[in-house]
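Secondary and tertiary structure notes
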Amino acid sequence: MSAASCLQSEDQFLCCICLDVFTDPVTTPCGHNFCKNCINEHWNVNVPCHCPMCKEIFNIRPKLKVNTFISEMVSHSSEQQAAKPGEVPCDVCTGTKLKALKSCLVCLTSYCETHLEPHLTASRLKRHQLMDPVENLEDRMCMKHDKPLELFCKTDQTCVCMLCSVLDHKTHDVVPLKEEYEGKKAELWKTEAEIQQMIQKRRLKIQEIKHSVDLSKEDADREKAEGVQVFIALMESIERGLHELIEVIKEKQRMTERQAEDFIKELEQEISELIKRSSEVEKLSRSEDHLHLLQNFPSLKAVPPTKDWTEVSVRPPSYEGTVVRAVTQLEETLSKEMKKLVEVELERVQQYAEDVTLDPDTANPNLILSDDGKQVNDGNVKKNLPDNPERFSRSACVLGKQSFSSGRFYFEVQVKGKTKWDLGVARESINRKRNIPLSPEDGYWAICLRNGNEYKALAGPPVRLPLKSQPQKVGVFVDYEEGLVSFYDVDAAALICSFTGCSFTEKLYPYFSPCINDGGKNSAPLIICPVNQTA
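Now for a look at the structure at hand.

1. Some remarks on the overall build of the chain
Counting its regular elements, the chain contains nine helices and 24 strands. Looking at the chain as a whole, 32% of its 535 residues qualify as buried. Taking all contacts inside the chain whose residues are at least 6 apart in sequence as the whole, residues at least 24 apart take part in 56%. Just so you have it, the chain exposes about 34000 Å², and 54% of that area is on carbon and sulfur atoms.

In structure tokens:
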């Protein structure tokens, strides 16, 4: 079908009343065609009936006949899809715009299937460059030369036409648009792959965060359950202790009352007997019968035998120490529960154990480090070492090689046989060239031993730690985000102390000081021990 015939046939499919493609096309006796509904509505308001095209008048409303030819043609035309919003419409279609299949870069026109046919059949039009339908085809023309943008200048990174390539871009690296397209497409595929990888990483991070929240909820639920259990046990212990205390006091009072009752009963019995004897003596003394008095006198002349009540008394019971003993027992119960809690807590923090080793580049020249980096003691002799910025020059200190700027970590140190030591963590920016007091303000979170039995938390000023036993092995735990540093007596499963509410903004390093040798009294080394997890 030629282009002219296409246009002609398209006009023949339009109703002159609604100016749209026929719907249920019918033919009047005069031979003109209309939509069935359009002509009926026209005749409903225009009497007498007449043809809208030729104005022929019909005295009697004629019967309309279906135009099967036009119906079939309209049906065939409707098989082609009308352009939807966002799709490129055919520039040639009138009335309903059909969806364009191709755009011509020469004609700068988009065509539907019907109107595209000349470009597929006519030899002259076959040479035109077709592409997938696009809007604004004029943007694909060179504004300077009015030629299609068919080339790409790699030098200027811009699209150019043939004339541009031989004039303005003559010495530039110019390649066909398709060649650059393939290269850029490959780069886009690479970019897409990178983006997908980034998306996947972020999805995995979301899963990780959600998993962390789930773990946190599990930990919170477990802590709540354990806390409720412990406090219920403590409340039951307190109630039991209070009940026992009251019962002890009541029992003492009952014993006192029973003793008093027994004394009173015995006294009342003696009084009863004395009253009886008094009555008999009085009666006999009034007797005028000489013989009777003399015969009964021997049995009544003496006072009946009774108990000597001079030293007998009811002393109130002593309650001194009763409450103290009850509270002491409660304290023992609390200590047992605390020990259980610390044991569980210690098992948990030991899961974050890190393989810490000593950093020789930070060690004071007087210190001796073992080859495996696990032991340190004061050698009392200064070695000739480079005074690098990381090294402690004045204090007998050394840091661990490992640094931590997030998460949780734990390590254990044997302090057995020492009379002095410092242990903890330090931030990266601490002053290593002069003696300074150890405190959180100066970048240290540590505890120490002095004089063999004085334990202190170096909180600035130091706080004395009243420990029940001397630790032989100390565990150090840090939760960076929580701002927590805790110290444990590992063997006794006891919490020594904790720094809470800390604000960490730098890397943290394990901190060790075996302190001075002290003439051999403090020659034992600090030893970083492997963590024996009991969980």
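After that view of the structure, there is still more to cover.
2. Here's the deal with helix 7 (residues 177–285)
Between its first and last C-alpha, helix 7 extends 157 Å over 109 residues, near the 162 Å set by a 1.5 Å rise per residue. All of the buried residues in helix 7 are Glu180, Val230, Leu234, Ser237, Leu245, Thr256, Phe263, Glu270 and Leu284. Of the surrounding secondary structure, the elements contacted by the buried residues of helix 7 are strand 9 (151–153), strand 11 (174–176), helix 8 (290–300) and helix 9 (322–349).

3. Here's the deal with the pairing of strand 15 (residues 408–414)
By the criterion of burial, strand 15 is predominantly enclosed, with five of the seven residues buried. Pairing between strand 15 and strand 24 (residues 526–529): three bridges, direction antiparallel. Bridge assignment links Gln414 to a residue of strand 24, and that residue is Ile527.

4. Here's the deal with the packing of helix 7 against helix 8
Their axes nearest at 10 Å, the elements helix 7 and helix 8 cross at an angle of 155°. In terms of their interaxial angle, helix 7 and helix 8 are classed as roughly antiparallel. For the element pair helix 7 and helix 8, the recorded crossing hand is left-handed. Residues Arg277, Glu280, Val281 and Leu284 of helix 7 form the contact with helix 8, whose own contacting residues are His292, Leu293, Asn296, Phe297, Ser299 and Leu300. Looking at the contact of helix 7 with helix 8, its residues break down into five nonpolar, three polar and two charged.

5. Re the sheet that holds strand 11
Hydrogen bonding along the main chain pairs the strands of a sheet, whether they run parallel or antiparallel. Pairing is antiparallel in the open sheet, where three strands are placed in the order 10-9-11. Where the open sheet ends on each side, the last strands, each with one partner, are strand 10 (158–160) and strand 11. Each neighbouring strand pair of the sheet contributes to a mean axis angle of 35°, computed without reference to strand direction. Two strands pair when backbone bridges link them, and strand 9 and strand 11 are joined in this way by three bridges, in the antiparallel orientation. From the neighbouring strand, Leu151 faces strand 11, where its bridge partner is Pro176.

6. Points about unusual backbone geometry
In this structure, Pro48 follows Val47 across a cis peptide bond, with omega equal to 0°. One can find Pro48 in the loop between helix 2 (36–45) and strand 3 (49–50). Unlike most non-glycine residues, Leu108 shows phi in positive territory, near 55°. Look at Leu108 and you get partly exposed, because its relative accessible area is 31%. Despite not being glycine, Asn451 has its phi angle at roughly 60°, a positive value. Relative to the elements of secondary structure, Asn451 occurs in the loop between strand 17 (444–450) and strand 18 (454–457). Residue Asn451 is classed as exposed on the basis of its relative accessible area of 55%.

7. Observations concerning the packing of aromatic side chains
The description of an aromatic ring pair rests on the distance of the ring centres and on the angle between the ring planes. Considering all chains together, one arrives at ten aromatic pairs under this definition. An angle of 10° between the planes, with centres 3.8 Å apart, marks the rings of Phe404 and Phe409 as stacked. Centroid distance Phe487 to Phe499: 6.2 Å. Interplanar angle 75°. Geometry classified as edge-to-face. Of this pair, Phe487 sits in strand 21 (residues 484–489) while Phe499 sits in strand 22 (residues 494–499), and the two are twelve residues apart along the sequence. Phe499 shares its class with Phe487; the two are buried. Through a chain of ring-to-ring contacts, the aromatic side chains of Trp445, Tyr480 and Phe504 assemble into a single cluster. Above the face of the Trp309 ring, Lys307 is positioned so that its terminal group lies 4.7 Å from the ring centre. Between the NZ or CZ atom of Arg432 and the centre of the ring of Phe392, over which it lies, the distance is 5.9 Å.

8. Regarding the pairing of strand 24
Residues Leu526 and Ile528 of strand 24 are buried on one face, and the alternating residues Ile527 and Cys529, pointing to the opposite face, are buried as well. Examined bridge by bridge, strand 13 (residues 375–378) and strand 24 share two bridges and lie antiparallel to one another. For Gln375, the partnering residue across the bridge sits in strand 24 and is Ile527.

Thresholds applied
Residues numbered from 1 in each chain as written. Predicted model: local features only at pLDDT ≥ 70, side-chain atom pairs only at ≥ 80, totals over all residues. Heavy atoms only, no water. Helix = DSSP H or I, 4+ residues; strand = E, 2+ residues; numbered from the N terminus. Buried < 20%, exposed > 50% of the residue type's maximum accessible area, 1.4 Å probe, protein only. Contact = heavy atoms within 4.5 Å. Areas by Shrake-Rupley, 256 points an atom, 1.4 Å probe, with all protein chains shown as cover. Expected span 1.5 Å × (residues − 1). Pairing = 2+ DSSP bridges. Axes fitted to C-alpha atoms, helices over the stretch in contact; angles between N-to-C directions. Parallel < 35°, antiparallel > 145°, perpendicular 65-115°, else oblique. Left-handed = near helix turned anticlockwise from the far one by under 90°. Nonpolar A, V, L, I, M, F, W, Y, C, P; charged D, E, K, R; others polar. Phe/Tyr/Trp six-rings, centres within 6.5 Å; stacked < 30°, edge-to-face > 60°. Lys NZ or Arg CZ within 6 Å of the ring centre and 35° of its normal.

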